[in-house]
Amino acid sequence: MEFTDERLDIREGNELARYFAWLKHDIQTIRHSWETSGRDLHSIQIGSSLYTSTYGLLGFVTDLDQAITIYELSANDSNLRRQISIFETYSYSIRSKLMRLWTAYIVRLLDGLSQLPPQYIKRNVQQDLNFLYNIEFERIYNLIEADKFAEILELNTSNLYDRFTQENTIPSPIKVLNDGTMLWTVGQAERYKKNLEYTHTRKWKLLIPIDRREQIFTLETDDDDSLEPHERVYDFTNNAIEIFKDIRFCDFSSEEYSKIIIHISKKIAILPEVYSSYAHQLFKEGKYSEAFDAFKKVVEYCRPVIPKNFTGKIFDGNQDYYQYSLSFLSYLYYLKGDVGHALGCMEALQPHLTLDYLDNTDGIEILTQDPTSYKRWFEVNFIHDYENMSPADKEWISSPTLREIDLSCPQKIRLDSNYNRQSEFQVTMSVREEIKKERLLFASIVATLVTLDEHAINNDPKRRWEGLGRAEGGIIFKNAAVTFQSDGVRVKDTEIPLEEQNLIYPLLTARVINRVCDYYISTTTGTVEERLLKAASKCVDSRKHNLQSILMEIKNNKTGRYIDSWSGFFGTN
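Per-chain numbering applies: the sequence of each chain, read as written, is numbered from 1 onward. Reporting in this predicted model follows two pLDDT cut-offs: at least 70 for local features of residues, and 80 or more for side-chain atom pairs to be given and counted; totals over whole chains, interfaces and linings ignore these cut-offs and use all residues. Think of the side-chain values as coming from all heavy atoms in the structure, minus any hydrogens and water.

**Student:** Please explain the overall build of the protein as it appears in this structure.
**Tutor:** Note on conventions: DSSP H or I runs of at least 4 residues are helices, E runs of at least 2 residues are strands, and numbering of each starts at the N terminus. Across its full length, the protein carries 25 helices and 12 strands. For each residue, the accessible area found with a 1.4 Å probe, counting protein chains only, is set against the maximum for its type, and the residue is called buried under 20%, exposed over 50%, and partly exposed in between. The proportion of buried residues among the 573 residues of the protein is 50%. A 1.4 Å probe and the Shrake-Rupley method give the accessible areas. Residues count as covered only by the protein chains that appear here. Summing over all exposed atoms, the protein offers an accessible surface of approximately 28300 Å²; the carbon and sulfur share of this is 48%.

This is how it looks when you write it as structure tokens:
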């Protein structure tokens, strides 16, 4: 039986699906054998009793399919256990040591699963169980000829025929065609190979449970070598992520997390993702001592894969368990009265933050200069709900520093939260509603002024652009396409592939929009059109460009090019 472990997809749903698909394979193989020999398919002798299904072998398959469906819907495993019991009692294949070991493992697995929270079972076991079961069965029940059988065994065909004539261990073909062609199932070949391996090594090589040495947990980067080492952003990768990616943010109690960790630890050795969730839940329940140990465990998982003298950044997005664990450890050290270790955690972490979400500069300064205020600072930034904070507490919030983006090197620009923040609108909806009356003029002003920026001119001296005449709106520049969401300008990759885009344009577009609107607000007299044109005038550097020519260009573009209404910016079409 072949199993692949490249992604270590060892969710229990996959394990159950594979095992029961093999049971079905065995029953169907027996059925074929009985049909060929003319044996009655409607009676199955089990010891001194008769299996009572009306359909015999066919009934077993029907009941097994139904048992899988029931478990997928309700996690009731009684029908699955009954099918295992029947299979164990009469099937010839259970005489295989390999199959007995596997069956015993599945029974233990069902026992263990019955002790876990329903949400865990729903996400990791029930989800797609029927689909996986059918996919595996179709794979292993596929019929193959001798050449493919030999290939699976890593033999040539003649050696296979020699074995077939000299040994009685090779399974009989499930079907022989009129021309004498013998057909086996993929499962027959894979089972035979595994049995041979077990006979020679006495080691159970099925990848269930997974060998801990096969788990890979590393710190990797997709950044190219053109970036300096301190500029590259790394992320922790875990090839066993499949087993807990859907449960990290479930609402489990700390006791339930503890059971899950014990269960998963039988399969894999490195699980910072789950320990992070466990630690936060312990903290939430006020179990600070246990939370401290759990946060330390997360750091202990991560630190061995961080190179010595590491100078890069560590991504602090969804996989932020390392950063938050160190931050919470700092707080818990502080509560213990150990300001030194509290500061050490923050200082060790700060150089590696991308500052997309976290910036602990203020915390480090407070720990250094006014440690008595650190508790309040941490609780405001990491614990308290913003909506329930007092105005005074809100002033304590540490916002990530905006990092300057070098527009002269578009190829080094990263699409991250720092980029998105600098592409945001600083324009109220009431102002947008006013401008909407002259939306085509406004769009022409923005697009024209963007092309006047020195970085845009370096990219395209001809200053080309065109509007998108579709509901979602947007602008096409040279090697760039932008669109508008309610909060900011974004790259539009349906027009130009992302890898081919010059990423300066969303930034320039957002800056122009915010600047024009600022000048519009400061101009209080005149019509909306007059105020917009005055705002545009203030944005043109008359030392480099002829103002009257630019204003005429804006007016002509308003009527000469189709510009959509920018529904993302204005809120409606």
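**Student:** It is not clear to me how the environment of Trp184 should be interpreted in this structure. Could you clarify?
**Tutor:** Looking at the element boundaries, Trp184 is found in strand 5 (residues 182–185). Remark: the alpha-carbon pair of Trp184 and Ser172, spanning 12 residues in sequence, is separated by 7.7 Å.

**Student:** How should the sheet that holds strand 10 (residues 475–477) be read in this particular structure?
**Tutor:** Strand pairing in a sheet relies on backbone hydrogen bonds, with the paired strands running either antiparallel or parallel. A pair of strands counts as paired when DSSP detects no fewer than two bridges linking them. Overall, antiparallel pairing links the four strands, which are arranged 9-10-11-12 in an open sheet. Bordering the open sheet on either side are strand 9 (465–467) and strand 12 (489–491), each of which pairs with just one other strand. Sheet twist, expressed as the average angle between the axes of neighbouring strands with direction ignored, equals 25°. Pairing analysis gives three bridges linking strand 9 to strand 10, with the strands arranged antiparallel. Looking at strand 10, one finds that Gly467 is bridged to Ile475. Here an angle of 0 to 180 degrees is reported between the N-to-C directions of two axes, which are lines fitted to C-alpha atoms, with helices fitted over the stretch in contact.

**Student:** Would you explain the side chain of Arg531 in this entry?
**Tutor:** Relative to the elements of secondary structure, Arg531 occurs in helix 23 (residues 528–539). Whenever two N or O atoms come within 3.5 Å, that pair is a polar contact, provided that in protein one can donate a hydrogen and the other can accept it, and provided that, for residues adjacent in sequence, both atoms are side-chain atoms. A distance of 2.6 Å separates a polar atom in the side chain of Arg531 from the backbone oxygen of Thr523. For Arg531, the contacting residues outside a window of four places in its chain are Glu434, Tyr520, Ile521, Thr523, Thr524, Thr525 and Gly526. Contact between two residues is taken to exist if any of their heavy atoms lie within 4.5 Å; hydrogens are not considered.

**Student:** What should I look at first to understand the pairing of strand 7 (residues 233–238) in this one?
**Tutor:** Successive residues of a regular strand alternate their side chains across the two faces of the sheet. By the bridge criterion, five bridges tie strand 6 (residues 217–221) to strand 7 in an arrangement that is antiparallel. By the bridge assignment for strand 7, Leu219 is matched with Phe236. Here strand 7 pairs with strand 8 (residues 313–314) via two bridges, running parallel. Its bridge partner being in strand 8, Val233 is matched across the sheet by Lys313.

**Student:** Just to check I follow, could you spell out helix 15 (residues 361–369) for this structure?
**Tutor:** Spacing of three or four residues puts side chains on the same side of an α-helix, whose turn is 3.6 residues. Along helix 15, the residues classified as buried are Gly363, Ile364, Ile366 and Leu367. Down the axis of helix 15, the buried side of the element spans an arc of 165°, and every buried residue falls inside it. The outward face of helix 15, more than 90 degrees from its buried face, is lined by the exposed residues Thr368 and Gln369. Turning to helix 15, the residues buried within the fold contact helix 13 (321–335), helix 14 (339–349) and helix 16 (374–383). Here, the arc refers to the directions that run from the helix axis to the C-beta atoms.

**Student:** Help me out: how do you make sense of the sheet that holds strand 3 (residues 143–144) in this one?
**Tutor:** Pairing within the open sheet is antiparallel, and its three strands lie in the order 3-5-4. Pairing within the sheet leaves two strands with one partner each, and these edge strands are strand 3 and strand 4 (175–176). Pairing geometry for strand 4 and strand 5, over two bridges, is antiparallel. In the sheet register, Lys175 faces strand 5, and the bridge partner there is Leu183.

**Student:** Which parts of the structure should I look at to understand the nonpolar core?
**Tutor:** Soluble globular proteins tend to bury their nonpolar side chains together. Core analysis: the largest hydrophobic core is formed by 94 residues, its most contacted members being Leu16, Phe20, Ile106, Ile264 and Tyr322. Dropping the residues within four chain positions of it, Ile264 is found in contact with Tyr120, Ile243, Phe244, Ile247, Leu271 and Val274. Residues Tyr419, Val446, Leu532 and Cys539 belong to the second largest nonpolar core, which totals 50 residues. Put simply, a nonpolar core is a bunch of buried Ala, Val, Leu, Ile, Met, Phe, Trp, Tyr and Cys residues held in one set by side-chain atoms that sit within 4.5 Å of each other.

**Student:** What's the story with the side chain of Lys24 in this structure? I'm lost.
**Tutor:** Along the chain, Lys24 turns up in helix 1 (residues 12–37). Its relative accessible area of 8% is what places Lys24 among the buried residues.

**Student:** Please explain unusual backbone geometry as it appears in this structure.
**Tutor:** Excluding glycine, residues mostly carry a negative phi; peptide bonds, for their part, are mostly trans. Here the phi dihedral of Asp128 falls at roughly 65°; this positive angle occurs in a residue that is not glycine. If you trace the backbone, Asp128 turns up in the loop between helix 5 (118–126) and helix 6 (129–140). Of note in the backbone geometry, Asn479 takes a positive phi value of approximately 60° without being a glycine. Looking at where Asn479 falls in the secondary structure, it is placed in the loop between strand 10 and strand 11 (480–484). We classify Asn479 as partly exposed; its relative accessible area is 39%.

**Student:** Can you help me understand the environment of Ser114 in this one?
**Tutor:** Of note, Ser114 is situated in the loop between helix 4 (97–113) and helix 5. One polar contact links the side chain of Ser114 to the main-chain carbonyl oxygen of Asp111, over a distance of 2.6 Å.

**Student:** Whenever I open this one, the pattern of salt bridges confuses me. Can you help?
**Tutor:** If the charged atoms of two oppositely charged side chains come close together, the side chains can form a pair. Each reported salt bridge corresponds to a side-chain nitrogen of Lys or Arg within 4 Å of a carboxyl oxygen of Asp or Glu. In the structure shown here, the tally under the stated rule is 16 salt bridges. In this structure, Asp77 and Arg81 form a salt bridge, with 3.2 Å as the shortest nitrogen-oxygen distance. Assessed through its relative accessible area of 15%, Asp77 is described here as buried. On the basis of relative accessible area, Arg81 is assigned to the partly exposed category, the value being 28%. Note that Asp393 and Arg376 form a salt bridge whose closest N and O atoms lie 2.9 Å from each other. One end of the pair, Asp393, is in helix 17 (residues 391–394); the other, Arg376, is in helix 16, and 17 residues separate them in sequence.

**Student:** Any chance you could explain the packing of aromatic side chains here in plain terms?
**Tutor:** Two aromatic rings, taken as a pair, are described by how far apart their centres are and by the angle between their planes. Only rings of Phe, Tyr and Trp enter the pairing, Trp through its six-membered ring, and a pair is recorded when the two centres are within 6.5 Å. The plane angle decides the type: under 30 degrees is stacked, over 60 is edge-to-face, the rest tilted. The full count for this structure, using the stated rule, is 33 aromatic pairs. Centre to centre, the rings of Phe236 and Tyr321 are 5.9 Å apart; their planes meet at 35°, and the pair counts as tilted. Highlighted residues: Phe236 in strand 7 and Tyr321 in helix 13, separated in sequence by 85 residues. Following the ring pairs from residue to residue traces out a cluster consisting of Phe283, Tyr288, Phe295, Tyr324, Phe328, Tyr331, Tyr334, Tyr374, Trp377, Phe378 and Phe382. A ring is considered to have a charge above it if a Lys NZ or an Arg CZ atom is located within 6 Å of its centre and within 35 degrees of its normal. Across from the ring centre of Phe569, 4.9 Å away, lies the NZ or CZ of Arg432, which sits over that ring. A cation over a ring is seen here: Arg531 above Tyr520, with NZ or CZ 4.0 Å from the ring centre.

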